Amino acid sequence: MKILTRKDFELQDHSDVLATFRDEFDLPAGQIYLDGNSLGALPKKSKQRAREVVEKQWGEDLIQSWNKHHWVDMPTVLGDKLAGLIGAQEGEVLVCDSTSVNIYKLAAAALKMRAGRKKILSEPGNFPTDLYMLQGLVEFSSPEIELNVVSREDLERQIDEDTAVVVLTHVHYRTSEAFNMVDLTRKAHQYGALIIWDLSHSAGALPVDLTRAKVDMAVGCGYKYLNGGPGAPAFLYVARRHHLDLKTPLSGWFGHVLPFNFEDQYKPAENIKRMLCGTPSVLAGALLEVGIDIMCSVDMNLVRQKSIELTGLFIQLIEQRCRDFEVISPRNTDCRGSHVSIRHEQGYAIIQALIERNITGDFRAPDTLRFGFTPLYTRYVDVWDTVDALVEIMEKDAWNCEKFKKESTVT
Ligand SMILES: *Cc1c(COP(=O)(O)O)cnc(C)c1O
């Protein structure tokens, strides 16, 4: 394979059709930010939007804003915009709550829709909150309901007539390995089971087509590749064919058919809005809208193409120049998401040494270094410079000092 130089990466940046999008984001000078898969960067327009919503809408129009500025419609307005990014139809997506809460609501609804079936299926090593929420749901369900956590290789074989719902994350948070959504969804349906896909590492990272894959339900995160800001609202998707069968375990007033009739008796909305619970988080939603608008303005196929190149080049350089690390993400581009993980037992200290050099990746215990390549604001030279820094850190043992070994709460 050709030995690459920094010059090759500069040339790629020159011909990059997405290069101008970097200017939409407010990144600190000199920072190489490879953590957009964990907290997306700040869109410049978000600052202006925050001021407008706080000062003008909240400050001046006060409670009128629920109507005047359509705050009340935020979950569906944002959901409809997001639908275009994930291959959903209008009226099938809501922006609301957190991913964790949405998993709970949808998994509970799925159990009800498949009453009589006992199994919820997921995989070990799934993102912890997904498993925790399912464990909590089992605790609150009838005693025969159980959560079966089976390895990826066995998953297909374990789907049967007793399976109510399969809950999986499309792109794995640690390894970046992507499931074949179409095949697994078909498999679940063969046995009459429902499937819920967690798109937290997919939405805004790669093209997703929920309609084509005939997916039943999905959830995902607003603060990663959608650049919604810390704690941004999440989203949920339910295929229209299921809407009238949906029951929510969190039957709050925003899911009521007429919330402002203030009736004693809960009566669900006749559309996806029945999956809402309480008052939407307006300030956070307004910022998420800025991020969604940016993603909607770009061709996801171009994003995917650049993502494949950035992640592929990173893997290639690590293997050529940095043999200390084991690459744990797939080589096969078809089943690789937009981040790459490498393994080293000193991973935590190495990440801290990188952060000191203004290069941000993250660490996932016990030994994983994770690098997100968000095509809209990551340059090709960033890939080169990151591997260059890793080479230097390893050659000089620069990670090996006390200050890099003290773990913070958030890694
Ligand atoms: C980030 C992430 C979440 C986050 O859930 P929150 O409720 O927002 O904390 C859930 N699932 C997956 C797969 C994730 O990557």
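Below is a summary of the structure that appears in this document. Keep in mind that what you see is a predicted model, and the values were worked out from it rather than measured. (Residues numbered from 1 in each chain as written. Predicted model: local features only at pLDDT ≥ 70, side-chain atom pairs only at ≥ 80, totals over all residues. Heavy atoms only, no water.)

Quick look at the side chain of D13
Within the element layout of this structure, D13 appears in helix 1 (residues 6–14). In this structure, D13 is buried with no salt-bridge partner, the nearest side chain bearing the opposite charge being K306 at 5.3 Å. Setting aside its immediate chain neighbours within four residues, D13 contacts A19, R379, Y380 and V381. (Helix = DSSP H or I, 4+ residues; strand = E, 2+ residues; numbered from the N terminus. Buried < 20%, exposed > 50% of the residue type's maximum accessible area, 1.4 Å probe, protein only. Lys, Arg positive; Asp, Glu negative; His and termini not counted. Salt bridge = Lys/Arg side-chain N within 4 Å of Asp/Glu carboxyl O. Contact = heavy atoms within 4.5 Å.)

Concerning helix 9 (residues 282–296)
The terminal C-alpha atoms of helix 9 lie 20 Å apart, and with 15 residues this matches the ideal 21 Å at 1.5 Å per residue to within 8%. In terms of burial, helix 9 is largely enclosed, as eleven of its 15 residues are buried. Of the residues making up helix 9, those classed as buried are V282, A284, G285, A286, L288, E289, V290, G291, I292, I294 and M295. Check the buried side of helix 9 and you find it contacts helix 2 (44–61), helix 3 (65–68), helix 4 (74–86), strand 2 (93–95) and helix 10 (300–321). (Expected span 1.5 Å × (residues − 1).)

Structural notes on the packing of helix 4 against helix 9
Where helix 4 contacts helix 9, the axes come no closer than 10 Å and their chain directions differ by 20 degrees. Accordingly, the angle class assigned to the pair helix 4 and helix 9 is roughly parallel. In this structure, helix 4 crosses over helix 9, and the sense of that crossing is left-handed. Contacts from M74, V77, L78, K81, L82 and L85 of helix 4 reach helix 9 at V282, G285, A286, L288, E289, I292, D293, M295 and C296. (Axes fitted to C-alpha atoms, helices over the stretch in contact; angles between N-to-C directions. Parallel < 35°, antiparallel > 145°, perpendicular 65-115°, else oblique. Left-handed = near helix turned anticlockwise from the far one by under 90°.)

Some details on the site of the ligand
Surveying the vicinity of the ligand reveals the residues S98, T99, S100, F127, T129, D130, T169, D198, S200, H201, Y223 and K224. Here T99 contributes a backbone N or O atom positioned 3.4 Å from an oxygen atom of the ligand. Side-chain polar atom of D198 to a nitrogen atom of the ligand: 2.8 Å apart, as the coordinates give it. Protein chains bury 87% of the 390 Å² of accessible surface belonging to the ligand in isolation. Among the elements of the structure, helix 5 (99–113) and helix 6 (128–139) are those that each provide at least two residues to the shell around the ligand. Residues of the shell around the ligand, tallied by class, amount to two nonpolar, seven polar and three charged. (Near = heavy atom within 4 Å. Polar contact = N/O pair within 3.5 Å; in protein donor to acceptor, adjacent residues only side chain to side chain. Areas by Shrake-Rupley, 256 points an atom, 1.4 Å probe, with all protein chains shown as cover. Nonpolar A, V, L, I, M, F, W, Y, C, P; charged D, E, K, R; others polar.)

Digging into unusual backbone geometry
At the junction of A365 and P366, the peptide bond is cis and its omega measures out at 5 degrees in the coordinates. For P366, the position within the fold is in the loop between strand 12 (362–364) and strand 13 (368–372). One non-glycine residue, K214, lies in the positive phi region at around 60 degrees. Locating K214 in the fold gives a position in the loop between strand 6 (194–198) and strand 7 (217–220). The exposure class of K214 is exposed, given its relative accessible area of 53%. Residues other than glycine seldom take positive phi values, yet F262 does so here, at roughly 50 degrees. Relative to the helices and strands, F262 resides in the loop between strand 8 (235–238) and helix 9. Judged by its relative accessible area of 59%, F262 is exposed.

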